[in-house]
Amino acid sequence: MKAISIIILLCTIYGGAGLQAQPSETQTVSGVVLDKTTKETLPGANVILMHYEPLLGTATNLDGEFSLRNVPIGRHSFKVTYLGYNPKIVSEILVTTGKEVILTIELEEQTFEGEQIEVFASIPKDEAINEMATISAKAFTVEETQRYAGGLDDPGRLVTAFAGVTSSGGVSTNAISIRGNAPKSVQWRLEGIEIPNPSHFAGLSVAGGGGLSLFSSQLLANSDFMTGAFPGEYGNALSGIFDINFRTGNPNEYEHAAQLGVYGLEASSGGPIKRGDGATYLFNYRYSTLTLLMPLLPTEGFISYQDLSLNIDVPTRNAGRFNLWGIGGLDNQTLDAKSDTSKWEYSYWDFSNNEIKLGVGAIGLSHSWLVNQNGYMKTTVALSGNNTDYFEDVLDTDMTANPNVRINNKTSRFAVKSFLNQKVSRQFTLRTGGEYQQLFYNLDLDGRPDNQSSIRDIVEGEGNTGLLQFYVTSKFDITPELTMIGGTHQQMFLLTDEFLIEPRLSFQYKLNDRSELKLGYGKHSQIEELRVYFINDGGEYVNDDLEMTKAHHLVAGWSGYIGQSHHMNVEVFAQRLFDVPVIADSSFSMLNFMQDFTLNDDLINDGEGENYGIELSLERFLKNGYYYLLNTTVYRSRYKGGDNIWRNSRFDQGIAANALYGREFLLKGGRNVLGINGRISVTGGERHSPVDEESSALYEEVRFDESRAYEDQFDMNFIADLSLTYKTNHTNYSTSWALQIKNLLLSEDHSFEYNFLTNRVDQVNEGTILPFLSWKIEF
């Protein structure tokens, strides 16, 4: 802790010294300027490099495109103006020699005569990219996933620095809990389409989490993250939405990158498919470094993973824009039992043989085109899926293998989605659309419900079903100060024939040009993982009529700018969940579900839940070489199981707080950049049920006293992360070193394991430090 404090103090005292250096190398900054609502290009918009002499600027051409040459390397801000639109300042853009900077800048039309509001920051932190998301929503940049300590280039880990979000399942996973909800209630989208959890080793220890993100920083573009009261276009999620976008390649130049790191060897390339026609390609491939090092490591197992991301963008003159995108990953892990039976303490780690093969992927084709000067339509066809092939055998002392788990699950989704966004007038915008998902499944899961049982069928099913969604959302600027966004989302799950209408409504009231009040409400619902519906009890599917879990969200907030660099946000939230799947006469609830492949119970929709609290955030945007972010969340999370008793939920941690600080130093005349970033997080401990020692000894496995569910709580977590980066700029290429250290203070993760040597349950406390070192070259 003292070391981090000293680093921050030195950065603050000496950080400004290098910021005035003027480098000799230059780069081109290019891009396009669009109307934020209609996506129509804006020819004749002015783009000016700020705080630079002599004046350097340009104007967009007939296609709304611009190219600003001879921009010095370093961080710069650009001002964009267009008649009848609010000016926008795109701030603190990092310009390097390794690749051109490509910007997509969206301007808002002045709604009322004489109105002019200057918008600061490349992405205002109180706004999402989606203009219909006005509360509990924020955008994040790819640079933040790299810069924020603890982010590890992973959007899932990055957002744990935001208010209302905590990590769940331990340091080694990227699972998150949002406002007291389970990780499985989060939805991931890519280019507007729902996709499976995009993580390596997804869902093994935590449903909704994984070990490492499939997303590469080489393809990520600015994206949205939402934590409640979503607008009408979002369905099948209860707590949060990741709305991820891919960037396109450079239409003017070929650009490449290679990276060597602890977690992977990567290669990426992008550029014009054919010079002059605007079509581009971009891809990134990664292969696990650990796989190459395994023969040198003293271990009884094996691990490997690889992933591929791609984006092909083809604009046409009269037929709109076509976009082919995809992401996929393969994982393999084996663990062999220890040969010395005298050291057999814990079943899984010591006397089990297992092998896991996982695959996940999504590929889609999107088409967008301008219907008229005030509207555009986007249609996407996508195919996604995942595969789990898992076996586990438990050995006897004579080394006889006894089958424990057999999983061969394949699920896929064919989706068609289309929406129309039409600006009816300056004050009124209407967005309407629909999506159909055909869900295919081939499920086969055998397991032992407890250590005294034989292996048997738990889940079995093959076929397909569908999920149908429609929505209507409108934005109405009632006055220059008051904006209303309202609509409905309709959802029908064909497996159970359940149809829902979900109203959504939010208001924004501008107190002045620097602060506003916000209020939002939404009803939301989510289906369970398909295997839950096909739990097999003697040939009967006991959950095939299970209804969707539903929730009311209510959020009220205030946000405002303090000067041009600081932003404060306060939100009060309340969530009421109902029709939650529970087990009759039991404390069990799916609201507390982490992972259990042997779940084999008959569920009923009699459960309830509630989450409520307050979030406070203060952020200083990156300016003059440094930034910081402070936030805290105080909340409660309660649930009612099938026994009709209200209790604290597993995720009722009570408090979560973060402090982030980072500074950049310009060295060697501005050619090189040293970055130092730190983060300290404090969260209440996750709750757990007391161990039932007598039952555990009888069944030789960990068993909890479910009549006292989640009465106990682990100690508070204090986690410190550190990130050091060093970028160098050379003629036509740049390099960067990065050392990211997760869990610098060795904060412990807690779990329970049955000890076969002592015949007792042990609380296992593991404090693991995760260092990630990487080197990258861009050219």
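## Comments concerning the pattern of salt bridges
- A complete count under the given rule lists 41 salt bridges for this structure.
- Note that Lys184 is salt-bridged to Glu528, the shortest N-O span being 3.1 Å. Of this pair, Lys184 sits in the loop between strand S10 (176–178) and strand S11 (186–190) while Glu528 sits in the loop between strand S29 (515–526) and helix H6 (530–533), and the two are 344 residues apart along the sequence.
- Its relative accessible area of 7% is what places Glu528 among the buried residues.
- In this structure, the salt-bridge partner of Asp313 is Arg321, at a minimum N-O distance of 2.3 Å.
- For Arg321, a relative accessible area of 37% gives the class partly exposed.
- Residues joined in a network through salt bridges with shared partners are Arg576, Glu608, Glu610, Arg638 and Lys640.

## Observations concerning the sheet that holds strand S1 (residues 26–35)
- Strand order in this open sheet of 3 strands is S4-S1-S7, and the pairing throughout is mixed. Edge positions in the sheet fall to strand S4 (65–72) and strand S7 (101–107), since each has one partner strand and no second. Strand-to-strand twist across the sheet, computed as the mean angle between neighbouring axes with direction ignored, equals 25 degrees.
- Direction of pairing for S1 relative to S7: parallel, over a ladder of 7 bridges. Within S7, the position partnered with Leu34 by the bridge is Glu106.

## Remarks on a negative patch on the surface
- A grouping of Asp537, Glu540, Asp544, Asp545 and Asp602 is seen on the molecular surface, where their side chains present a negatively charged patch.
- Among the structural elements, Asp537 can be located in strand S30 (residues 536–537).

## So, the confidence of the model for the chain
- Counting all residues, the mean pLDDT for the chain is 93, and 95% of those residues have values of 70 or more.
- The model gives residues 1–21 a pLDDT under 50, and that stretch makes 25 contacts with residues more than four places away or in other chains.

## A few points about the packing of aromatic side chains
- Enumeration according to the criterion identifies 25 aromatic pairs in this entry.
- With centroids separated by 6.3 Å and ring planes inclined at 45 degrees, the aromatic side chains of Phe162 and Phe225 adopt a geometry described as tilted. Placement of the pair is Phe162 in the loop between helix H3 (155–158) and strand S9 (165–167) and Phe225 in strand S15 (residues 223–226), with a sequence separation of 63 residues. The two residues Phe162 and Phe225 agree in class, both being buried.
- Here the aromatic rings of Trp737 and Trp775 are separated by 6.4 Å at their centres, their planes lie at 55 degrees, and the arrangement is tilted. Within this pair, whereas Trp737 is found in strand S42 (residues 733–742), its partner Trp775 is found in strand S45 (residues 770–778), the two being separated by 38 residues in sequence.

## Focus: unusual backbone geometry
- Cis geometry marks the peptide bond from Glu53 to Pro54; its omega dihedral reads 0 degrees.
- Examined against the element boundaries, Pro54 turns out to sit in the loop between strand S2 (46–49) and strand S3 (57–59).
- Here the phi dihedral of Tyr710 falls at roughly 60 degrees; this positive angle occurs in a residue that is not glycine.
- With a phi close to 70 degrees, Asn743 is a non-glycine residue in the positive phi region.
- Relative to the helices and strands, Asn743 is located in the loop between S42 and strand S43 (748–755).

## Thoughts on the environment of Gly463
- Within the secondary structure, Gly463 is located in strand S26 (residues 456–477).
- Residue Gly463 is classed as partly exposed on the basis of its relative accessible area of 23%.
- Gly463 sits 386 residues away from Ser77 along the chain, and the two C-alpha atoms are 54 Å apart.
- Those residues in contact with Gly463 that sit more than four places away from it in its chain are Leu439, Phe440 and Tyr441.

## Here's the deal with the sheet that holds strand S12 (residues 193–195)
- Ordered in space as S8-S15-S16-S11-S12, the 5 strands form an open sheet in which the pairing is mixed. Looking at the sheet topology across the chains shown, the edges are occupied by strand S8 (137–140) and S12. Strand-to-strand, the axes of this sheet are offset by a mean angle of 25 degrees, without reference to chain direction.
- With 5 bridges joining them, S11 and strand S16 (residues 240–244) adopt parallel strand pairing. Paired with Trp188 across the two strands is Phe242, which belongs to S16.

## Some points on the nonpolar core
- With 40 residues, the main nonpolar core has Val459, Phe493 and Tyr533 as its most contacted residues.
- Secondary-structure elements contributing two or more residues to this core are strand S20 (301–315), strand S22 (352–372), strand S24 (401–423), strand S25 (428–447), S26, H6 and S45.
- If you tally residues by element for this core, the top one is S25, at 4 residues.
- The contact partners of Val459, leaving out residues within four places of it in the chain, are Leu443, Asp444, Leu445, Arg531, Phe534, Ile535 and Asn536.
- Core analysis: the second largest hydrophobic core is formed by 34 residues, Phe215, Phe242, Ala382 and Ala415 among them.

What counts, and at which threshold
For every chain, the first residue of the written sequence is number 1, and numbering continues from 1 onward in sequence order. Side-chain atom pairs in this predicted model are given and counted only at pLDDT of 80 or more, local residue features only at pLDDT of at least 70, and totals for whole chains, interfaces and linings cover all residues. Values shown for side chains rest on all heavy atoms present in the structure; no hydrogens or waters enter the calculation. The salt bridge criterion pairs a side-chain nitrogen of Lys or Arg with a carboxyl oxygen of Asp or Glu, the two atoms within 4 Å. Strands are runs of DSSP state E lasting at least two residues, helices are runs of H or I lasting at least four, and both sets are numbered from the N terminus onward. Only protein chains enter the accessibility calculation, which uses a 1.4 Å probe; a residue whose area is less than 20% of its type maximum is buried, one above 50% is exposed, and one in between is partly exposed. Between any two strands, at least two bridges found by DSSP are needed for them to pair. For every element, the axis is a line fit to its C-alpha atoms; helices are fit only across the contacting stretch, and the angle between N-to-C directions ranges from 0 to 180 degrees. In this scheme, patches are assembled from residues that exceed 30% relative accessible area and form no salt bridge. Like charges are connected within 9 Å, while nonpolar side chains (Val, Leu, Ile, Met, Phe, Trp, Tyr) are connected within 5 Å. Note on areas: these come from Shrake-Rupley sampling with a 1.4 Å probe, and a residue is covered only by the protein chains present in the view. By the counting rule applied here, Lys and Arg register as positive and Asp and Glu as negative, while His and the ends of each chain are not counted. Where a charge lies is defined by one atom per residue type, namely NZ (Lys), CZ (Arg), CG (Asp) and CD (Glu). Looking at any residue, its pLDDT shows the predictor's confidence there, from 0 to 100. Whether two residues are in contact is decided by their heavy atoms: any pair within 4.5 Å suffices. Any Phe, Tyr or Trp ring, taking Trp's six-membered ring, that has another such ring centre within 6.5 Å forms a pair; planes under 30 degrees apart are called stacked, those over 60 apart edge-to-face, and the others tilted. Put simply, a nonpolar core is a bunch of buried Ala, Val, Leu, Ile, Met, Phe, Trp, Tyr and Cys residues held in one set by side-chain atoms that sit within 4.5 Å of each other.

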